[in-house]
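Residues per chain, in single letters:
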Amino acid sequence: MTVPLMDIRAQYAPLRADVDAAIAGVLDSGRFILGPHVAALEETVGERLGGRGCVGVANGTDALAIALQALDVGPGDEVITSPYTFYATAEAIARVGATPVFCDIEPVGFGIDPDAVGAAVTARTRVILPVHIFGQPADMTPILAVAERHGLAVLEDAAQAFGSADSGRQVGTMGDAAIFSFFPTKNFPGIGDGGLVVCREAALTARVRRLRFHGSTDKVTFEEVGYNSRLDEIQAAVIRVFYPHLDDWNARRARAAAMYEQSGLGEHVRLPAVRPGATHTYHLFMVRHDDRDGLRAALADAGVSSAVYYGVPLHLQPVFAHLGYGLGDLPVAEQCAATALALPMHPNLTREDAARVVGAATTAPAGAGSGTIR
């Protein structure tokens, strides 16, 4: 017996008949590209997000690149973002010819530090791209203030945080645009690749729609160089089956996080904290331990899965060596990269699972500091 890091099949097993019926319905219809399920999903999510325009695309990485291009970001521009996130965030910036500018993060929520954002703005800055990482929203109020002060656009990378909120505002509703990912391990999953761009203004929504289909609105006239990036109709149909269960899944993730705390895990590791005013959806349950390798070994010996996320922060990745960052430049991100570990987290996590994780953690080498991350 093992405690898996994630349990995708257990999550959708009760819905298998509905999933099978949804897939069969698409096959029977013969509508496979930009069909009624894509349109219905865009409308449903848009209503949830206060009437914002939504455009389904092939994956979260394309969503970022398309959104940046729609915001007129290109060569010579700078985009301020986090070094402690998946590579796709910065890859999309480079993909459109712009330069990622990495700012350090704050240690509580792992989000970009608003003070560092303000200090990084230059005459070339076009966009601030905060990441709602691991299910916790970035500290958006001061970030939005920086953007307003300097006349910058804000693009939210919410790939890991559908349903999260900051001071009562849903992620995806605070910037000029936002993106989500439906990758199967996300808290709002599909059964393959898929992404969504969310836009505040109708004109931006229209441009994103054009860009996802080769820069054309009619397949005849091509107005700009775009992408072949469309959310698959089968994916949209399955995501629509999952959508009514999303809030329950998120609530069960929060209960699983509470189980860890109640089971005494904080006596052995530093638990993730929730920023004041934030709603955390726990896409991942990230703890910190100064002997992470020792902790991982102890967990593995007890059959408990774990994973290191972003062990090399983006400013130290070889692809960005030309930007001139060095070890020690962004110390909080580097410390988190060296000490953070993902423990099992999914809606079906049981109290027995949590107890087993805690029991394994008791056999790990003692790490400096425990309790809640500060």
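Here's a quick rundown of the structure. (Residues numbered from 1 in each chain as written. Predicted model: local features only at pLDDT ≥ 70, side-chain atom pairs only at ≥ 80, totals over all residues. Heavy atoms only, no water.)

The next thing to look at is the overall build of the protein. Looking only at helices and strands, the protein features 13 helices and 14 strands. Computed over C-alpha atoms, the radius of gyration of the protein comes to 21 Å, within 12% of the 21 Å expected from 2.2 N^0.38 for 374 residues, which places it in the range of a compact globule. Seen through its principal axes, the protein has C-alpha atoms that stretch 65 × 55 × 35 Å. Taking all 374 residues of the protein together, the buried fraction comes to 55%. A sequence separation of at least 24 residues applies to 72% of the contacts in the protein between residues at least 6 apart. Total accessible area on the protein stands at roughly 14600 Å², and carbon and sulfur atoms take up 52% of it. With 30 positive and 41 negative side-chain charges, the protein shows a spacing of 2 Å between the two charge centroids. (Helix = DSSP H or I, 4+ residues; strand = E, 2+ residues; numbered from the N terminus. Rg over C-alpha atoms; globule rule 2.2 N^0.38 Å. Buried < 20%, exposed > 50% of the residue type's maximum accessible area, 1.4 Å probe, protein only. Contact = heavy atoms within 4.5 Å. Areas by Shrake-Rupley, 256 points an atom, 1.4 Å probe, with all protein chains shown as cover. Lys, Arg positive; Asp, Glu negative; His and termini not counted. Charge placed at Lys NZ, Arg CZ, Asp CG, Glu CD.)

Before going further, it helps to spend a moment on the packing of aromatic side chains. By the definition in use, this model includes 17 aromatic pairs. Geometrically, the ring pair formed by Phe110 and Phe134 is edge-to-face, given 5.5 Å between the ring centres and 85 degrees between the ring planes. Placement of the pair is Phe110 in the loop between strand S3 (99-102) and helix H6 (114-120) and Phe134 in the loop between strand S4 (125-129) and helix H7 (140-150), with a sequence separation of 24 residues. Comparing Phe110 with Phe134 shows no difference in burial state: the two are buried. (Phe/Tyr/Trp six-rings, centres within 6.5 Å; stacked < 30°, edge-to-face > 60°.)

Right, let's talk about the layout of surface pockets for a bit. Gaps between atoms show up when a probe of the same size as a water molecule is rolled over them. In this structure, the largest pocket spans a volume of roughly 400 Å³. Along the walls of the largest pocket sit 26 residues, with Phe86, Ala88, Ala159, Ser181 and Lys186 positioned nearest its centre. When residues of the lining of the largest pocket are traced back to their parent elements, those giving at least two are helix H4 (60-70), helix H5 (88-95) and strand S8 (177-181). For the lining of the largest pocket, the element with the most residues is H4, which contributes three residues. Tallied by class, residues from the lining of the largest pocket come to twelve nonpolar, eleven polar and three charged. Each pocket or cavity is described by its volume, and for the second largest pocket that value is around 180 Å³. Looking at the second largest pocket, the residues that line it are Ile33, Leu34, Arg209, Arg210, Arg212, Phe213, Ser216, Thr217, Asp218, Lys219 and Arg230. (1 Å grid on protein atoms, 1.4 Å probe; cavity = no way out; pocket = protein on both sides within 12 Å on 5 of 7 lines; lining within 4 Å. Points joined across faces, edges and corners; volume = space filled by probe spheres on them. Nonpolar A, V, L, I, M, F, W, Y, C, P; charged D, E, K, R; others polar.)

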